[in-house]
Amino acid sequence: MAFLGDYHTHTHYSRRGAKLHAVGSVLENALAAQKAGLKELAITDHGYCHYYGIDGAAAMDKLKTDCKSAEQITGVKIYMGLENNLDPRSGKDETLPALMECTRETLEKIEIVQGGYHAMVGLPTMLKNLMFWTRNVIFKFLPGRKKLICRNTAAYKRAIDEYPIDFIGHLNRGIMADAVEVAKYAHSKGVYIELNGRHKSLSKKQIKQMVEAGVEFICNSDAHNPDSVGTFPLAEKMIKKYHIPYGLIANWDRLPDFRSQNFVNARENNNGGKTNG
């Protein structure tokens, strides 16, 4: 028994000009996945609004070509995704989209839709980003904390409602929301909660409550170099330490059934319509 897929990995498409945020090509990630015995891999480089985000539509088209080529070479099914950024303002202002990169044009191109929050991304000025991050991470007992948690929780739930999100990456990293409420809501909509291979953002108590509610998780490497693809040290540690049943891990000895239609179409095109989950 083993992990069969890794659905959160980065390549040199996560960059700012010549400055790389992640190293390695799509092919190098695919070769690492092949070596690790994975059947599926997703490339989910950072969204356009991230400081090290993929550089627009032309880069997305090149990434898609690279994914197809690497799939043909390695035999590993490769999905092109995007690590979208949650806009925390959307929990208060319903006129704002909950995810910043997920335009209709973007959604037509990607096969894995990841939703998650990144610090210092989303607010219109650096000062406002810094103030929001400070309230969430450092001064957790400031007046208005409960109201902030409520708004952030609403932002996550709006994203789940309004976009075909397949999983929520590193839930509550850098942001305060009611993680258990978000996880339960995600589960009711067929959305997985990520156990990230690099970042711990959920407490033992939160995970225990999620397990009791039957929430399903997905373990991902969040690899920023090919050597990390298919490795989940922190996630595996949490599984053992917090006694998470492997039956709730969507990519353990099975393939996850993501909900986005582009993913469903891509998998069906790969195996003639047979499901693996």
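Look up a bit, the structure's there.
Source: prediction; values computed, not measured. Counting from 1, residues in each chain are numbered in the order their sequence is written. It should be noted that, the model being predicted, local features are given only for residues of pLDDT at least 70 and side-chain atom pairs only at 80 or more, the latter also being counted only at that level, while totals for whole chains, interfaces and linings use all residues. Calculated side-chain values reflect all of the structure's heavy atoms, with hydrogen atoms and water omitted.

Q: If you had to explain a nonpolar patch on the surface to someone new, which residues and values would you point to?
A: Think of a patch as exposed residues, more than 30% relative accessible area, with no salt bridge, where like charges cluster within 9 Å and nonpolar side chains (Val, Leu, Ile, Met, Phe, Trp, Tyr) cluster within 5 Å. The accessible surface values rely on the Shrake-Rupley method and a 1.4 Å probe; as for residues, cover is taken only from the protein chains in view. Any Lys or Arg side-chain nitrogen found within 4 Å of a carboxyl oxygen on Asp or Glu counts as a salt bridge. Together, M120, M126, L127, L130 and M131 give the surface a local cluster of nonpolar side chains, amounting to about 500 Å² of exposed area. Looking at the element boundaries, L130 is found in helix α4 (residues 126–137). Using a relative accessible area of 40% as the deciding quantity, one classes L130 as partly exposed. Counting from the N terminus, the helices are DSSP H or I runs at least four residues long and the strands are E runs at least two residues long. Exposure is judged per residue with a 1.4 Å probe applied to protein chains only, and the accessible area is read against the type maximum: over 50% gives exposed, under 20% gives buried, and values in between give partly exposed.

Q: Can you explain the sheet that holds strand β1 (residues 5–6)? Please cite residues and give values.
A: Across a sheet, paired strands are connected by hydrogen bonds in the backbone, their directions being either parallel or antiparallel. Two strands form a pair only when DSSP identifies at least two bridges running between them. Taken in spatial order, the seven strands of this open sheet run β1-β4-β5-β6-β7-β8-β9, and their pairing is parallel. At either end of the open sheet lies a strand with only one pairing partner, and these are β1 and β9 (217–220). What makes two residues a contact is simply this: any of their non-hydrogen atoms within 4.5 Å. To obtain an axis, a line is fitted to C-alpha atoms, over the contacting stretch when the element is a helix, and the angle between two such axes runs from 0 to 180 degrees between their N-to-C directions. Strands in contact with helix α2 (residues 56–74) are β4 (40–43) and β5 (77–85); relative to β5, the strand with the most contacts, it is inclined by about 150°.

Q: Hey, could you go over the nonpolar core for me, with residue numbers and the actual values?
A: Each nonpolar core is a collection of buried residues, namely Ala, Val, Leu, Ile, Met, Phe, Trp, Tyr and Cys, held together in the definition by side-chain atoms within 4.5 Å. Core analysis: the largest hydrophobic core is formed by 66 residues, its most contacted members being Y156, I168, L171, I193, L195, F217 and I249. For this core, the element with the most residues is helix α5 (residues 145–162), which contributes six residues. Listed in part, the 13 residues of the second largest apolar core include L4, Y79, I218 and A266.

Q: Give a description of the environment of P164 that names residues and reports values.
A: As for its position among the elements, P164 is in the loop between α5 and β7 (167–168). Distance in space between the C-alpha atoms of P164 and D222 is 20 Å, their sequence separation being 58 residues. In this view, P164 contacts L107, V113, R259 and S260; residues no more than four positions away in its chain are not counted.

Q: Lay out helix α7 (residues 204–212) in plain terms, naming residues and giving numbers.
A: Because the α-helix completes a turn every 3.6 residues, residues three or four places apart line up on one side. Taken as a whole, α7 has its buried residues at Q206, I207 and M210. With its buried residues spanning 95° around the axis, α7 presents them on a single face. Along α7, exposed side chains directed more than 90 degrees from the buried face belong to K204, K205, K208 and E212. Packed against the buried residues of α7 are α6 (179–188), β9 and α8 (233–241). Of the residues flanking the end of α7, it is G214, one or two places downstream, whose phi is positive at about 80°. Taken from the helix axis, the directions to the C-beta atoms give the arc we talk about.

Q: Which residues make up the packing of α6 against α7, and what values go with them?
A: Two numbers describe how α6 lies on α7: the axes approach to 9 Å, and their chain directions differ by 25°. In this view, α6 runs roughly parallel relative to α7, as classed from their interaxial angle. When the axes of α6 and α7 are compared, the crossing they make is right-handed. Where α6 abuts α7, its residues A179, V180 and A183 lie against Q206, Q209 and M210. Its residues assigned to classes, the contact of α6 with α7 shows four nonpolar, two polar and no charged. Under this scheme an angle from 65 to 115 degrees is roughly perpendicular, one under 35 degrees roughly parallel, and one over 145 degrees roughly antiparallel; angles in between are oblique. Whether a crossing is left-handed or right-handed is set by the direction in which the near helix is turned from the far one by less than a right angle, anticlockwise for left-handed and clockwise for right-handed. Gly falls in the polar group here, along with every residue not listed as nonpolar (Ala, Val, Leu, Ile, Met, Phe, Trp, Tyr, Cys, Pro) or charged (Asp, Glu, Lys, Arg).

Q: Describe in detail the state of the cysteines, supporting the description with residues and values.
A: Only a pair of cysteine sulfur atoms within 2.5 Å counts as a disulfide in this structure description. Applying the stated criterion to the full structure yields zero disulfides. No disulfide involves C49; its nearest neighbouring cysteine sulfur is the one of C102, lying 11 Å away.

Q: With reference to specific residues and values, describe the environment of I244.
A: Residue position: I244 is located in the loop between α8 and α9 (261–271). In sequence terms I244 and F141 are 103 residues apart; their C-alpha atoms lie 30 Å from each other.

Q: So what's going on with the pattern of salt bridges? Which residues, and what values?
A: Pairs may arise between side chains of opposite charge once their charged atoms sit close together. Taken as a whole and assessed by the stated rule, the structure comprises ten salt bridges. Here D61 ties to K109 by a salt bridge, and the two come within 3.2 Å at their closest N and O atoms. On the criterion of sequence distance, the pair formed by D61 in helix α2 and K109 in helix α3 (residues 104–109) is long-range, its members being 48 residues apart. For R254, the salt bridge identified is with E216, shortest N-O distance 2.7 Å. With a gap of 38 residues between them, R254 in the loop between α8 and α9 and E216 in the loop between α7 and β9 connect regions that are remote in the sequence. Relative accessible area serves as the criterion here: at 21%, E216 is assigned to the partly exposed category.

On their own, these measurements won't tell you what the molecule is for.
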